[in-house]
Amino acid sequence: MKIIIAGAGAMGSRFGLMLHQSGNEVILVDGWEDHIKAINENGLKANFNGEEVVAELKAFHKDHLDVNFDADLVIVFTKAMQLDGMMQSIKSLLHNETKVLCLLNGIGHEEVIEKYVPLNNILLGNTMWTAGMVGPGEVKLFGNGSVDLQNLAPGQEGIAKEVAEVLTEAGLNAKYADNILYSIYKKACVNGTMNGLCTILDVNMAGFGETQEADAIVEAIVSEFAAVAKVEGVVLDVPEVLAQIKGCYNRETIGEHFPSMHQDLITNNRLTEIDYINGAVARKGLKYDIATPYCTFLTQLVHVKEQILGAK
Ligand SMILES: NC(=O)C1=CN([C@@H]2O[C@H](COP(=O)(O)OP(=O)(O)OC[C@H]3O[C@@H](n4cnc5c(N)ncnc54)[C@H](OP(=O)(O)O)[C@@H]3O)[C@@H](O)[C@H]2O)C=CC1
Ligand SMILES: CC(C)(CO)C(=O)C(=O)O
C-alpha cells in the first residue's frame, strides 16, 4: 500500500517504520523542522526492542508538500490539538479513494476529519502501542500493542478489514472492531486514568498502579466515563475496562511506560491533550447533567501544571 503518516512523532514513527519494514511505500509528513531534516539526512533511527535500526524514509514538511504521492491510506497521528491543522495541510494529497485512519487518543476526532474527508473514506480506531521520541529523527520503541479499527460509513467493512490486515502484516496486531465507539470509550478510560494521573504524579503506570489508592481513584474516574458513554448509547463493561487499565501496571509489558501526556508536559514542556480526554467527559457531563468531579478536577490540575511549567 502507499501510505502517508500524517504526524510523524513517536507513534507516527513507529507505524511508519513498521509499515515500511513490511514492504509498504511510506512517506512521513510533520511540522517539526529538525526531525524532518534528521530523517531525510540520516534515516529514521529507532531503538526497536533493544536493537538499533534505521529506516530510509522520506519526510516532508506539512507546510511545503511539494510531493506527488498517490496515497491509498493516510494514518493521522498528530496530537489532538494539531489534527485540524494537519488535515488542512494534507487535503491536497487526498483523492477520491484515499482512506484516512485516525488513531489519536481522545474522543470526537471524527468531527474534525469529516470536514475534509467523505464519510466513506474515514476509518476510526485506537491503539495500545506505545512509543517515545529520543530526539529529532530518533525514537524508542518497546513492548507490545494492538490496534482496533472500523469504517465510519456502512458498507465499507471490506476496506477496514484490508487495512487491518496490512497493519497486522507489519506486526501491528490490528483487528476489525464491530463497535469502534465502544473501543474508543474503553481506550479513553485508560487515557483518562493513566495519562493525567501519571503526569500530575510524575510516575510511570506501574508506579501509580502499585499504590494503595490506585484502585479507588481509577474506579471513580471510570464510573464518570461510563455514565457519559451510556447517554451516547455505549454501555461500557466496567470490569473489562478496569482489567485493561490494570494490565497497564505490568512492568513486563507496558508498566514502565510514561504515558504520552507525561512525555508532553513533564519531559517536553508541551501542552497536553487533557481537554480531549477527561475534559471532554467533563463537558459532556455538563451537557447531560451528570456529575464528573474527578474528570473536572484532573483536567483543572493538568491545566494548572501546564501554566506553572509555562508549557507551549
Ligand atoms: N506516545 C505514545 O506512547 C502514545 C500516543 N498515543 C496518541 O498518539 C497521538 C500522537 O502522539 P505521539 O506520537 O506521542 O506524539 P508526539 O508528541 O511524539 O508527536 C506529535 C507531534 O508533535 C510535534 N512534536 C513532538 N515532539 C516535538 C518536539 N520535541 N519538538 C517539536 N515538535 C514536536 C510534532 O509535530 P509539529 O512539529 O507539527 O507540532 C509531532 O508530529 C496522540 O493522540 C497520543 O495521545 C496513543 C498511544 C500511545
Ligand atoms: C500507552 C497508553 C495506553 C497509556 O495511557 C497511551 O495511550 C499513552 O501513552 O497515551
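Just above, that's the structure.
Just so it is clear, the model here is predicted, and its values are computed rather than measured. (Residues numbered from 1 in each chain as written. Chains lettered and ligands numbered in written order. Predicted model: local features only at pLDDT ≥ 70, side-chain atom pairs only at ≥ 80, totals over all residues. Heavy atoms only, no water.)

> Just to check I follow, could you spell out the overall build of the protein chain for this structure?
The secondary structure content of the protein chain amounts to 12 helices and 12 strands. A compact globule built from 312 residues should have a C-alpha radius of gyration of about 20 Å, and the protein chain, at 19 Å, falls within 12% of that. Principal-axis analysis of the C-alpha atoms gives the protein chain an extent of 50 × 40 × 35 Å. Taken across its 312 residues, the protein chain has 55% of its residues classed as buried. By sequence separation, contacts in the protein chain at least 24 residues apart represent 73% of the contacts at least 6 residues apart. When the accessible surface of the protein chain is summed, it comes to about 13600 Å², and 50% of that surface belongs to carbon and sulfur atoms. Within the protein chain, the 40 negative side-chain charges are centred at a point lying 3 Å from the centre of the 24 positive side-chain charges. (Helix = DSSP H or I, 4+ residues; strand = E, 2+ residues; numbered from the N terminus. Rg over C-alpha atoms; globule rule 2.2 N^0.38 Å. Buried < 20%, exposed > 50% of the residue type's maximum accessible area, 1.4 Å probe, protein only. Contact = heavy atoms within 4.5 Å. Areas by Shrake-Rupley, 256 points an atom, 1.4 Å probe, with all protein chains shown as cover. Lys, Arg positive; Asp, Glu negative; His and termini not counted. Charge placed at Lys NZ, Arg CZ, Asp CG, Glu CD.)

> So what exactly am I meant to see when it comes to the site of ligand 2 here?
Near ligand 2 you find Asn105, Thr130, Lys187, Val190, Asn191, Met194, Asn195, Met205, His257, Pro259 and Ser260, and these make up its full shell. Separating an oxygen atom of ligand 2 from a side-chain N or O atom of asparagine 105 is a distance of 2.9 Å. Separating an oxygen atom of ligand 2 from a side-chain N or O atom of asparagine 195 is a distance of 2.6 Å. With respect to the detected pockets, ligand 2 is housed in the largest pocket. It is helix α6 (residues 180–201) that provides the largest number of residues to the shell around ligand 2, a total of 5 residues. In terms of residue class, the shell around ligand 2 is built from 4 nonpolar, 6 polar and 1 charged. (Near = heavy atom within 4 Å. Polar contact = N/O pair within 3.5 Å; in protein donor to acceptor, adjacent residues only side chain to side chain. 1 Å grid on protein atoms, 1.4 Å probe; cavity = no way out; pocket = protein on both sides within 12 Å on 5 of 7 lines; lining within 4 Å. Sits in = over half its atoms within 2 Å of the grid points. Nonpolar A, V, L, I, M, F, W, Y, C, P; charged D, E, K, R; others polar.)

> For this particular structure, what's the right way to read unusual backbone geometry?
Of all residues except glycine, most have a negative phi; of all peptide bonds, most are trans. Of note in the backbone geometry, asparagine 173 takes a positive phi value of approximately 50° without being a glycine. Checked against the element boundaries, asparagine 173 lands in the loop between α5 (157–169) and β12 (174–176). For aspartate 202, which is not a glycine, the phi torsion comes out positive at approximately 55°. By the secondary structure assignment, aspartate 202 is in the loop between α6 and α7 (205–209).

> Sorry, what's going on with the nonpolar core here?
Across soluble globular proteins, nonpolar side chains have a tendency to be buried as a group. By size, the foremost hydrophobic cluster in this structure holds 41 residues, and its most contacted members are Phe15, Leu19, Ile75, Leu101 and Leu167. Top contributing element to this core by residue count: helix α1 (residues 10–21), with 6 residues. If near-sequence neighbours (up to four positions away) are discounted, phenylalanine 15 is found in contact with Ile5, Ile75, Phe77, Leu103, Thr127, Trp129, Val147, Leu167 and Leu172. With 37 residues, the next largest nonpolar core counts Ala188, Val218, Leu242 and Ile277 among its residues. (Core = buried A, V, L, I, M, F, W, Y, C linked by side-chain atoms within 4.5 Å.)

> Would you mind showing me how to read the sheet that holds strand β3 (residues 44–48) here?
Strand pairing in a sheet relies on backbone hydrogen bonds. The paired strands run either parallel or antiparallel. With mixed pairing, the 4 strands of this open sheet are ordered in space as β4-β3-β10-β9. Each edge of the open sheet is held by one strand with a lone partner, namely β4 (51–55) and β9 (132–135). Looking at each pair of strands side by side, their axes are set apart by 30° on average, direction ignored. Two elements, β9 and strand β10 (residues 138–141), share 3 bridges in a ladder whose sense is antiparallel. (Pairing = 2+ DSSP bridges. Axes fitted to C-alpha atoms, helices over the stretch in contact; angles between N-to-C directions.)

> Any chance you could explain the packing of aromatic side chains here in plain terms?
We describe a pair of aromatic rings using the distance from one ring centre to the other and the angle between the two ring planes. A full pass over the atoms with the stated rule returns 1 aromatic pair. Measuring from centroid to centroid gives 4.9 Å for phenylalanine 15 and phenylalanine 77, while their planes differ by 65°, and the two rings are edge-to-face. Here the residue phenylalanine 15 occupies a position in helix α1, and phenylalanine 77 occupies one in the loop between β6 (73–76) and α3 (83–90), the gap between them amounting to 62 residues. Since its relative accessible area comes to 0%, phenylalanine 15 is described here as buried. Positioned over the ring face of phenylalanine 69 is lysine 2, at 4.8 Å from the centre of the ring. Over the ring of tyrosine 176 we find lysine 161; its NZ or CZ atom is 4.9 Å from the centre of that ring. (Phe/Tyr/Trp six-rings, centres within 6.5 Å; stacked < 30°, edge-to-face > 60°. Lys NZ or Arg CZ within 6 Å of the ring centre and 35° of its normal.)

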